[in-house]
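Read off the chains here:
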Amino acid sequence: MEMNRQDQRLFFDGCDTVELAKKYGTPLYLVSLSSIYEKVKQLKSAFTDRYENTRIAYAAKAFLTKGMVRIIDELDLCLDVVSGGELDCALRAGFPPERIEFNGNNKLPWEIDLAVKSGVGRLIIDGFNELDGIIESAKKHHRTVPVLIRLTPGVSADSHDYIVTGKKDSKFGFPVDSPALYRTIEQAIESEYTDFLGFHFHIGSQLESNEVYLDSLDIVFELLKKLRKERGFVSKELNIGGGFGIRYTEEDDPKPFDYFFTPVMEKIDAFFKEEGMPRPEIVTEPGRSLIGEAGRTLYTVGSIKEIAGLRRYVMIDGGMNDNIRPALYQAKYHVVNASKYDQEPTELSTVSGKICESGDILAKDVLLAPTEPGDILAFYSTGAYGYSMASNYNKIPVPAVVLLYKGKDELMVKRQTLEELHRNDLIPEMISRL
Ligand code: LLP
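Cut-offs applied
- Residues numbered from 1 in each chain as written.
- Predicted model: local features only at pLDDT ≥ 70, side-chain atom pairs only at ≥ 80, totals over all residues.
- Heavy atoms only, no water.
- Near = heavy atom within 4 Å.
- Polar contact = N/O pair within 3.5 Å; in protein donor to acceptor, adjacent residues only side chain to side chain.
- Areas by Shrake-Rupley, 256 points an atom, 1.4 Å probe, with all protein chains shown as cover.
- Nonpolar A, V, L, I, M, F, W, Y, C, P; charged D, E, K, R; others polar.
- 1 Å grid on protein atoms, 1.4 Å probe; cavity = no way out; pocket = protein on both sides within 12 Å on 5 of 7 lines; lining within 4 Å.
- Points joined across faces, edges and corners; volume = space filled by probe spheres on them.
- Helix = DSSP H or I, 4+ residues; strand = E, 2+ residues; numbered from the N terminus.
- Patch = residues over 30% accessible without salt bridge, like charges linked within 9 Å, V, L, I, M, F, W, Y side chains within 5 Å.
- Salt bridge = Lys/Arg side-chain N within 4 Å of Asp/Glu carboxyl O.
- Buried < 20%, exposed > 50% of the residue type's maximum accessible area, 1.4 Å probe, protein only.

Asks: Before we move on, can you summarise the site of the ligand with the specific residues and values?
Replies: Neighbouring residues of the ligand: 18 residues in total, closest Ser205, Glu285, Arg325, Tyr329 and Tyr385. In this structure, an oxygen atom belonging to the ligand sits 2.8 Å away from a main-chain N or O atom of Arg288. Between the ligand and Arg325 there is a distance of 2.6 Å, counted from an oxygen atom to a side-chain nitrogen or oxygen. For the ligand, whose unbound accessible area comes to 590 Å², protein coverage reaches 93%. Tallied by class, the residues present in the shell around the ligand amount to 6 nonpolar, 6 polar and 6 charged.

Shown next, in the form of C-alpha cells:
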C-alpha cells in the first residue's frame, strides 16, 4: 500500500482529501482520472498494443456515470452494459452505439428493443429464449444484429461464491453440454436477422490466478472444433470476460495484466494455428481492474465507542448503503485517518456505519492513527461496485462523486437531496381519505 507520510494529510491525485471533505461534505466518493489513465495504459500495453485484432470493453456495472462514459469514449474503449438503464446512460452521454456490447441474463423485451433499435455493436445471448426476442425486435427495426452466445465453461474460480459466474450451476449463460446451446447456435447461424460472431465467457471477479482462464479456453476450444467439424462454423470473435483482481489490502496479491494475457494469447494463437483456422478477434471486459483503485471514499468520524477490553468502534457518517461490499462479500478495505496521515496507525479500531444493522461494519479491527470525532477517514480502492451498488436504505441520500486530476477537482455526480429522495413517493388518495 502506498504510504507516504511526509504530508500531514492524505493527498489523492494531487488533491488534499481533507479540503475536499470540507468543500463537498462527506460521505464523498473520489475518482482519480490519473489512476484510470494509468490502468488503461497498462492494460493496453499488455493486450491491445501487443496483439492485433483485440478489443477492450469496460464493464460499466463497476462504475457508470455520464462523465465516466465520456472518459471511456475518449480512451477509445468499448462499453459493456447489462441493463436498459446502463445503455440509456451511455446513449445519453453520446457513446457510439456500435461500440456497446449488451450482456445480462433475462434481458427484458424493452431492453432488447432499445439495444436493437439504437444499433448496439453486440448482443450477448445469455438465456434459452432470448434469441427469439432479439429476432422479433430485429424484424421490427429491419436490422441484422451481431450476436455472441455466453457460455458457462464449468470451471470453478477461486473467489467469493456470489461473484463467481462461470460454473455450471449458474444463472448465467449456457452450459457447453446443454441441448439448448446447440439449438440456439443453429438458430443464430440460420436467422437472416442475426450475424452470429462467436462466444463469450466470464468466469468470475477479483481473480488472482490465470489458470481458470486457461481451463475455460480448453472447454471453448472443444466446442469450436466440434462446430467446425459438424457445421463448418468458424467464429469471428471470442470474449474472455473480465475479472482481474485488484489490491484492496496488503493481503491481496493482484497480478499485472500480462500475467493473464501472455499465456491466454499464447494458448489462443497456438490453438488456431494448429487447427488452421483464422484467429477470431479477442475481447476482454474488465470493470474492477480499471476503476477499483481509482476510487476512494471519505467519511467524517462522529461517535467513538470504547467497550473496555473488547472493541473500539469508530462511527462514520456513511456505511453499508454507500459500500455494501463488506456486508455482502466480507470484503476488506485499507483505511487511513486522512486528517492525521503523518501519525502512526496504532489504535485498533472497528469502523462502523450509521445504518441500523449490526452488520454495518466497513472495516473490522484495523489500525488507525489516534482518531477523534471530526477526523476524515479515507477508504482505499472503493471505485468499483461501491457507488454503483449504493442504496437509500434508512432513507439516506446517495453521496456525491468528485473527479480528481493532478490537483484539480470537479463534481461528477451531485449529492442526492432529501427532495430527490422523496420525489416519487406518493400518498395514495385512499389513505388520505381515511
Ligand atoms: N463481464 C461480465 C459478463 C460480468 O458479469 C462482469 C462482472 C464483468 C465483465 C466485470 O468483471 P470485473 O472485471 O469487474 O471483475 N459486485 C461484485 C462484482 C460482481 C461482478 C459481476 N460481473 C463485487 O463488488 O465484488
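Having seen it, we continue.
Asks: I'd like to hear about empty space enclosed by the protein, residue by residue, with values.
Replies: Going through the model one piece at a time under the given rule, you end up with 2 cavities of 30 Å³ or more. Approximately 40 Å³ is the volume attributed to the largest cavity. As for the largest cavity, its lining consists of Tyr29, Leu30, Val31, Phe63, Gly295, Arg296, Thr382, Gly383 and Tyr387. Contributing elements (two or more residues each) for the lining of the largest cavity: β3 (28–32) and β13 (295–307). Within the lining of the largest cavity, the residues separate by chemical class into 5 nonpolar, 3 polar and 1 charged. By volume, the second largest cavity amounts to about 30 Å³. If you trace the second largest cavity, you find it lined by Pro27, Gly318, Asn321, Asp322, Ser391, Ile396, Pro397, Val398 and Pro399. Looking at side-chain class alone, the lining of the second largest cavity contains 5 nonpolar, 3 polar and 1 charged residues.

Asks: Could you give me a rundown of a nonpolar patch on the surface, with the residues and numbers involved?
Replies: A cluster of nonpolar side chains, contributed by Ile427, Met430 and Ile431, occupies part of the molecular surface with about 360 Å² of accessible area. By secondary structure assignment, the location of Ile427 is in the loop between α12 (418–421) and α13 (429–432).

Asks: So what about the pattern of salt bridges? Which residues, and what values?
Replies: Two side chains with opposite charge may pair up if their charged atoms get near one another. All told, the structure shown has 29 salt bridges when counted by the stated rule. Across the pair Lys340 and Glu372 runs a salt bridge whose closest N-O atoms are separated by 2.5 Å. Here Glu372 lies in the loop between β17 (361–368) and β18 (376–379) and Lys340 lies in the loop between β15 (335–337) and β16 (347–352), a separation of 32 residues in the sequence. Look at Lys340 and you get buried, because its relative accessible area is 12%. Here Glu372 falls in the partly exposed class, since its relative accessible area comes to 45%. It is possible to trace a salt-bridge network through shared partners that takes in Arg55, Glu101, Arg122, Glu237 and Glu281.

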